[in-house]
Amino acid sequence: MQLGFLVDLHLCMGCKGCEIACKVENEVPLSTWRLRVKYVDVGAFPETKRTFTPLRCNHCANAPCERICPVSALHYLENGIVNIDKDRCIGCAGCIMACPYGAIYIDPQTQTADKCTYCAHRVASSMMPSCVVACPVEANIFGDLDDPMSNISKYIQQHQGNVQVRKPEKGTEPHHYYVGGGNVTLNPLASFRAEGHSLFNNLTHLPVGGHH
Amino acid sequence: MAHEIIAATNAVVVLDVALPGIVWGWIITMNMWAKSIGTGIIFLTFFLLKKYPKETGFIRFPAVMVSIVTIHLFLFFTVIDLHQMFRFWHIFFHPHMTSAITIGAWMATGFVGLLLGMAYAIYMKKDEALYDRLLGYTVLLAVPVTLYTAGLMAQSTARELWQMPTESAQMILAALIAGTATMLLLGGNKFSNTIKKDLGIILGLSAAAAFILYMAELIFGPMKAEEVAAVLEYIKGGEYTIMFWIGQVLAFIVPMILVWVSIKKESYYLLKIAAVSALIGLWISKHVWLVIPQLLNMS
Ligand code: SF4
Ligand code: SF4
Ligand code: SF4
């Protein structure tokens, strides 16, 4: 079994339901995020478009975060999930340096690394991840990539030629796909980012582990 | 390049979470800097004892003490940077051998053991032969202990600026610069002019090599990857430009000039200034190189 995610960016309407569902399900503390939806505006008036991109851990097959973790706090589950054992983590932040997607943060409450776990605890009880359940337009598709009959496998088959991963050149082999993605949505360097264009207009940088 | 893409699409992030702050800051700079001195002084002790065994015997004790102190500083800064510092023992009891951090921690522990053995040999037993035997093993181990941080940086796949094998070369050169500078300050006027000249040449050449690597990165780095180009903007007119150049001047340019003047005039008092300048500049250069890739937004 190899669990994977797919987000159809044509469907996503940027409601941030997944973001909130994730926060609640996983008790993600203030100023930290396992999943977020980024808004990027493209074009010049009147030819403008707003894009929405949900961003979470990719559960890479060749995960640099798992490789660099000195104590195996980051580890693979049999279903392919890159999971984290917070009791083992020493908070060295090596994984934060290694993940090319900025998917890991230091939890200010536990002072350990944390990230999206594909809701491994829910999956273990045969439930869908919280963000999948919350999505009103079923833009988040989750399932077994090894099973050709799973929804995610069928979706990938149907949209061949329009399925992307983030930063494929890094060789991380993400198990997280996008349909309808492009440079602007998937490459952070392809958009201008002014300081202060955030949910917190007076907070330009996230505190690391709760420390400013 | 990124800015061309932006011009073409006029893409602007309008709503997102704030950018992550710097995760590895001055504590990690202290860690790398102290380690450069700790292993570098061992390289130089080995060199001097081989080449000038009679004149430099007196450095055996002070050199090993400097190494012990700086390696413990390195370990101290390593541990206090952990967000869960009292769990550092997990590295030994739940080791993950693909991690450069694990390998480094194990090797540094062995290195400390050998240093303590050397201190015991020279201070308690007054046994120079034993000290020199242990020094042979310590030098061998000093090489991977110096290099493992480069391995760690190479494993940091998010930070394209830190590349292998450039970082390996930079780590060894930093150790040679820091070791020579510390040795020049440690030996003082007890060294003959011939020895001072040798140390000056090592300092000058190491500084020149490191400077060439930095300049090569600065000029050719942007051609390697979009991320490298974006990161180097921070030192090409960006907020870390002045700090970067202060570091380059103090660590490499000033020592190169002072070494050249000293050798030309056959007068070596300037080497101490070169040594202090190199040590300060090295800290600044390492800090800038550590911090700038972390300013880049990863997603
Ligand atoms: S996206 Fe980042 S955190 Fe997730 S598995 Fe890949 S490297 Fe690790
Ligand atoms: S911060 Fe924790 S999970 Fe990340 S590499 Fe260090 S020990 Fe592993
Ligand atoms: S799978 Fe779970 S942990 Fe991951 S983003 Fe969705 S809700 Fe959050």
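No experiment lies behind these values; they were computed from the predicted model shown. (Residues numbered from 1 in each chain as written. Chains lettered and ligands numbered in written order. Predicted model: local features only at pLDDT ≥ 70, side-chain atom pairs only at ≥ 80, totals over all residues. Heavy atoms only, no water.)

### A short note on the overall build of chain B
Argument step 1. For chain B, the count of helices and strands is 11 helices and two strands.
Argument step 2. Reading chain B from its N end, one meets helices and strands in the order α-β-β-α-α-α-α-α-α-α-α-α-α.
Argument step 3. Over its C-alpha trace chain B gives a radius of gyration of 21 Å, about what one expects of a compact globule, namely 19 Å for 299 residues.
Argument step 4. The principal-axis extent of the C-alpha atoms belonging to chain B is close to 70 × 55 × 25 Å.
Argument step 5. Contacts in chain B between residues at least 24 apart in sequence constitute 78% of all its contacts with a sequence separation of at least 6.
Argument step 6. Within the structure as shown, chain B displays about 12300 Å² of accessible surface, and the carbon and sulfur contribution to it stands at 72%.
Argument step 7. Looking at chain B, you have 19 positive and 16 negative side-chain charges, and the mean spots of the two groups are 16 Å apart. (Helix = DSSP H or I, 4+ residues; strand = E, 2+ residues; numbered from the N terminus. Rg over C-alpha atoms; globule rule 2.2 N^0.38 Å. Contact = heavy atoms within 4.5 Å. Areas by Shrake-Rupley, 256 points an atom, 1.4 Å probe, with all protein chains shown as cover. Lys, Arg positive; Asp, Glu negative; His and termini not counted. Charge placed at Lys NZ, Arg CZ, Asp CG, Glu CD.)

### Examining the overall build of chain A
Argument step 1. Summing up its helical and strand segments, chain A has seven helices and 11 strands in all.
Argument step 2. Along the first, second and third principal axes, the C-alpha set of chain A runs to 50 × 45 × 30 Å.
Argument step 3. In chain A, buried positions account for 62% of the 212 residues.
Argument step 4. Within chain A, contacts between residues at least 6 apart in sequence are counted, and of these 57% link residues at least 24 apart.
Argument step 5. As presented, chain A carries roughly 8900 Å² of accessible surface, and 54% of it is formed by carbon and sulfur atoms.
Argument step 6. Once the 18 positive and 19 negative side-chain charges of chain A are each reduced to a mean point, those two points are 5 Å apart. (Buried < 20%, exposed > 50% of the residue type's maximum accessible area, 1.4 Å probe, protein only.)

### So, a nonpolar patch on the surface
Residue and element names in this part refer to chain B.
Argument step 1. Where nonpolar side chains cluster on the molecular surface, the patch consists of Phe61, Met65, Tyr120, Tyr123 and Met124 and spans about 530 Å² of accessible area.
Argument step 2. Among the elements of the structure, α3 (60–81) and α5 (100–124) are those that each provide at least two residues to the nonpolar patch.
Argument step 3. For the nonpolar patch, the leading source of residues is α5, giving three residues.
Argument step 4. Take Met65: it is sitting in helix α3.
Argument step 5. The exposure class assigned to Met65 is partly exposed, which follows from its relative accessible area of 32%. (Patch = residues over 30% accessible without salt bridge, like charges linked within 9 Å, V, L, I, M, F, W, Y side chains within 5 Å. Salt bridge = Lys/Arg side-chain N within 4 Å of Asp/Glu carboxyl O.)

### Points about the interface of chain B and chain A
Argument step 1. Between chain B and chain A, the residue contacts involve 50 residues of the former and 62 residues of the latter.
Argument step 2. Around 5100 Å² of area is buried between chain B and chain A when both sides are counted, 58% of it from carbon and sulfur atoms.
Argument step 3. Looking at the side of chain B facing chain A, the largest losses of area belong to Leu15, His83 and Ser299 of chain B, adding up to 14% of the total buried there.
Argument step 4. On inspection of chain B and its partner chain A, the count reaches five salt bridges. (Buried area = accessible area lost by both parts, 1.4 Å probe.)

### A closer look at the sheet that holds strand β1 (residues 3–8) of chain A
Residue and element names in this part refer to chain A.
Argument step 1. The strand order across the open sheet formed by four strands is β8-β1-β10-β9, and the pairing between neighbours is mixed. Only two strands of the sheet have a single neighbouring strand rather than two, namely β8 (140–144) and β9 (163–164).
Argument step 2. Taken together, the five bridges between β1 and β8 define a ladder with antiparallel strand orientation. Bridge assignment links Val7 to a residue of β8, and that residue is Asn140. (Pairing = 2+ DSSP bridges.)

### Description of the sheet that holds strand β1 (residues 12–15) of chain B
Argument step 1. Here three strands make up an open sheet; going across it, the order is β3(A)-β2(A)-β1(B) and the pairing antiparallel. If you trace the sheet from one side to the other, it starts and ends with β3 (47–55) of chain A together with β1 of chain B, each paired once. Between one strand and the next, the sheet's axes are offset by a mean angle of 35°, whatever the strand orientation.
Argument step 2. With nine bridges joining them, strand β2 (residues 36–44) of chain A and β3 of chain A adopt antiparallel strand pairing. Looking across to β3 of chain A, one finds that Lys38 of chain A is bridged to Thr53 of chain A. (Axes fitted to C-alpha atoms, helices over the stretch in contact; angles between N-to-C directions.)

### Regarding the confidence of the model for chain B
Residue and element names in this part refer to chain B.
Argument step 1. For chain B, the average pLDDT comes to 95, and 98% of its residues sit at 70 or higher.
Argument step 2. When pLDDT is averaged over each element of chain B, helix α2 (residues 26–51) comes out on top at 98 and helix α1 (residues 2–9) at the bottom at 66.
Argument step 3. Interface confidence for the predicted complex, given as ipTM, is 0.92, next to a pTM of 0.94. (pLDDT = per-residue confidence, 0-100.)

### Overview of helix α11 (residues 270–291) of chain B
Argument step 1. Taking 1.5 Å as the rise per residue, α11 of chain B with 22 residues should run 32 Å; its terminal C-alpha atoms sit 32 Å apart, in good agreement.
Argument step 2. Counting buried positions along α11 of chain B gives 17 out of 22 residues, so the element sits mostly inside the fold. (Expected span 1.5 Å × (residues − 1).)

### What to know about the pattern of salt bridges
Argument step 1. Counting across every chain of the model gives 15 salt bridges over all chains.
Argument step 2. One salt bridge connects Asp16 of chain B with Arg36 of chain A, and the closest N-O pair in it is separated by 2.6 Å. A residue pair is termed interchain when its members come from two chains, as with Asp16 of chain B in the loop between β1 and β2 (19–20) and Arg36 of chain A in strand β2. Across the pair, Arg36 of chain A and Asp16 of chain B agree in class, each one buried.

### What to know about α3 of chain B
Side chains that are three or four residues apart share a direction in an α-helix, a result of its 3.6 residues per turn.
Residues and elements named next belong to chain B.
Argument step 1. Across its 22 residues, α3 extends 32 Å between first and last C-alpha, which sits within 8% of the 32 Å expected from 1.5 Å per residue.
Argument step 2. Looking at α3, one finds that the buried residues are Arg60, Ala63, Val64, Val66, Ser67, Ile68, Thr70, Ile71, Phe74, Phe77 and Asp81.
Argument step 3. Looking at the buried positions of α3, the neighbouring elements they touch are α2, α5, α6 (128–155) and α7 (166–187).

### Focus on the site of ligand 3
Residue and element names in this part refer to chain A.
Argument step 1. Taken together, the neighbourhood of ligand 3 is formed by 13 residues, with Cys22, Asn26, Cys116, Cys119 and Cys131 sitting nearest.
Argument step 2. Every element with two or more residues in the shell around ligand 3 is listed here: α1 (17–26) and α5 (130–134).
Argument step 3. For the shell around ligand 3, the residue count by class is eight nonpolar, three polar and two charged. (Near = heavy atom within 4 Å. Nonpolar A, V, L, I, M, F, W, Y, C, P; charged D, E, K, R; others polar.)

### Section: the side chain of Thr112 of chain A
Argument step 1. Mapped onto the elements of the fold, Thr112 of chain A is located in strand β7 (residues 112–114).
Argument step 2. The exposure class assigned to Thr112 of chain A is buried, which follows from its relative accessible area of 0%.
Argument step 3. Of the polar contacts made by the side chain of Thr112 of chain A, one reaches the side chain of Thr110 of chain A; its length is 2.7 Å.
Argument step 4. Those residues in contact with Thr112 of chain A that sit more than four places away from it in its chain are Lys86, Cys89, Tyr105, Ile106 and Asp107 of chain A together with Gln84 and Arg87 of chain B. (Polar contact = N/O pair within 3.5 Å; in protein donor to acceptor, adjacent residues only side chain to side chain.)

### What to know about the environment of Ala158 of chain B
Argument step 1. Note that Ala158 of chain B resides in the loop between α6 and α7.
Argument step 2. Residue classification places Ala158 of chain B among the buried residues on the basis of a relative accessible area of 2%.
Argument step 3. Note: C-alpha distance between Ala158 of chain B and Glu266 of chain B (108 residues apart in sequence) is 48 Å.
Argument step 4. Excluding residues that lie within four positions of it along the chain, Ala158 of chain B makes contacts with Met97, Ala98, Cys99 and Pro100 of chain A together with Met298 of chain B.

### Things to note about the side chain of Gln111 of chain A
Argument step 1. Take Gln111 of chain A: it is sitting in the loop between β6 (105–107) and β7.
Argument step 2. A distance of 3.0 Å separates a polar atom in the side chain of Gln111 of chain A from a polar atom in the side chain of His83 of chain B.

### A word on the site of ligand 2
Argument step 1. Around ligand 2 there are 13 residues in total, and Cys69, Cys89, Cys92, Ala93 and Cys95 of chain A lie nearest to it.
Argument step 2. A class-by-class count of the residues in the shell around ligand 2 yields 12 nonpolar, one polar and no charged.

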